[in-house]
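Descriptive structure summary
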Amino acid sequence: MGPMVGALSSSDRAALRQLARTELPRLYALARRLGGVDPEDLVQECLLRACRSFGSLRDLQAGPRWLTTILTNTWRDWLRKELREPDEVPVEEDGPFSLYHVIEEEDPFPYSDTLHVDVLGAFSEHDVREVLQRVPPRYRVALVLRYIEGYSAAEVAEMLERPPGTVMSQLHRARQRFEQEMWRYAGESGLLVGAAAGERSVRGEVGS
Amino acid sequence: MTSPIGCGEAVRRLWEFLDGGLDQRDQRQVEEHLAWCLRCCGEVAFARELRGLLRTRTGIMLPDDVRDRMERFIEHLGDGTEERGRP
C-alpha cells in the first residue's frame, strides 16, 4: 500500500501548518474578494493542494506568494465557465470610459469644491466591495492581485500564466470596468443623489 | 525629449505610471505630457485616490466561526486524514 495522499513528514507538516495559520486571514480575504465561490471551501481546497505539492516549495519565504498562486488557480479552475463568458459591456465603443470626466460632466455635488474626492467619499467599504464583485471575474482577478494584494504586473502575469502584455491590457480593461461599475452602482443605489440632497438640505434648499 | 503622447494614451498608462511600473521611455512620455496638460493632472490625482480606495476600502475580517473551523482543519493538514467540508 502506497503512502497516504497528503501525508507529509513531521517537519514539513509543522512548516505547512504554521504557514497556513499565518496566511489564513489573508487567504480568506483574497477568496472573498475573488468572489463567486464559497470562500471557506476555496481556502480549504487551496490548502489541500498546497499539501499535495508542498515539495515544490523550496523557500518558505516564498510561501505567501506560492499560496496566493495556488488559491488563484483553484478559483480559476472552479470558475472556468464564468471566466470564458464574453463581457456584456462593449469595449470602449465611445472611447475610454473616464470616471473622472463623467463626474465632472454630471457634477453630482454642485456646491462642492472637492467634487471628485466627495464622490469617492460617498462609497463605504461595503459599497466598494459590492462594486468589485460587479466587475467580471476575469478582470476582477487582475484588479485584486495587482491593486489590493500589491503584486507587480509581471508577478500577476506569472501567477495567471499569461504574457505580460496580455495582463497589462487586462488591467487596463479591469480599471475601466471598475470605474464604469462604480458609476452604475452609484446611480442604482442612489448613493450620490442622497448625498447631494443632503448637501442641499444642509444649505436649506430642500423643501424651501 | 521623447515623442509626445495624447491624453488618451497618457490616461491609459496612468495607474502604471503611479506605480512606477512603466519602462523609462513610457514613464518619461507621461511625465512630459503631465508637464503641460492640466486636465490629465486632475486625472492623476483622481487615479491616485481611486487606487487608494480600492486598497483601503475592501477590508475583510476573518469571522471567528470560520477561524475556528479552519484552525481545526489546519490541525490535521498533512497527516493524511484531513478532508474538506464542515461539521
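Residues numbered from 1 in each chain as written. Chains lettered and ligands numbered in written order. Predicted model: local features only at pLDDT ≥ 70, side-chain atom pairs only at ≥ 80, totals over all residues. Heavy atoms only, no water.

**So, the overall build of chain B**
The helix and strand tally for chain B stands at 5 helices and 0 strands. Listing each helix as α and each strand as β along chain B from the N terminus yields α-α-α-α-α. In terms of overall size, chain B is more extended than a compact globule, its C-alpha atoms giving a radius of gyration of 23 Å where 87 residues would be expected to give roughly 12 Å. Taken along the three principal axes of its C-alpha coordinates, chain B extends 65 × 25 × 15 Å. Of all 87 residues assigned to chain B, the portion counted as buried reaches 45%. Contacts spanning at least 24 positions in sequence make up 52% of the contacts within chain B whose residues lie at least 6 apart. Charge-centre separation for chain B: the mean point of 14 positive side chains lies 6 Å from the mean point of 17 negative side chains. (Helix = DSSP H or I, 4+ residues; strand = E, 2+ residues; numbered from the N terminus. Rg over C-alpha atoms; globule rule 2.2 N^0.38 Å. Buried < 20%, exposed > 50% of the residue type's maximum accessible area, 1.4 Å probe, protein only. Contact = heavy atoms within 4.5 Å. Lys, Arg positive; Asp, Glu negative; His and termini not counted. Charge placed at Lys NZ, Arg CZ, Asp CG, Glu CD.)

**A word on the overall build of chain A**
Along the backbone of chain A there are 11 helices and 0 strands. For chain A, the N- to C-terminal ordering of α and β elements is α-α-α-α-α-α-α-α-α-α-α. Counting all 208 residues of chain A, 50% fall into the buried class. For chain A, long-range pairs separated by at least 24 residues make up 72% of all intrachain contacts whose partners lie at least 6 apart in sequence. Element-wise, carbon and sulfur atoms account for 50% of the exposed surface of chain A, whose accessible area totals about 10,000 Å². (Areas by Shrake-Rupley, 256 points an atom, 1.4 Å probe, with all protein chains shown as cover.)

**Notes on the nonpolar core**
Ranked by size, the top nonpolar core spans 89 residues in total, and within it A:Leu47, A:Trp66, A:Leu71, A:Phe123, A:Phe178 and A:Met182 carry the most contacts. Ranked by residue count, the leading element in this core is helix 1 (residues 10–34) of chain A, at 10 residues. (Core = buried A, V, L, I, M, F, W, Y, C linked by side-chain atoms within 4.5 Å.)

**A few points about helix 5 (residues 99–106) of chain A**
If you check which residues of helix 5 of chain A are buried, you get A:Leu99, A:Tyr100, A:His101, A:Val102 and A:Ile103. On its buried face, helix 5 of chain A is in contact with helix 6 (115–121) and helix 10 (164–188) of chain A together with helix 4 (38–56) of chain B. A:Asp107 sits one or two positions beyond helix 5 of chain A and adopts a positive phi of about 45°.

**Examining the packing of aromatic side chains**
Residues and elements named next belong to chain A. Within the structure shown, the criterion is met by 4 aromatic pairs over all chains. Ring geometry for phenylalanine 54 against tryptophan 66: centres 6.0 Å apart, planes inclined by 70°, an arrangement best described as edge-to-face. Separated by 12 residues along the polypeptide, phenylalanine 54 in the loop between helix 2 (39–52) and helix 3 (63–78) and tryptophan 66 in helix 3 bring together distant segments of the chain. Judged by its relative accessible area of 6%, phenylalanine 54 falls in the buried class. Its relative accessible area of 14% is what places tryptophan 66 among the buried residues. (Phe/Tyr/Trp six-rings, centres within 6.5 Å; stacked < 30°, edge-to-face > 60°.)

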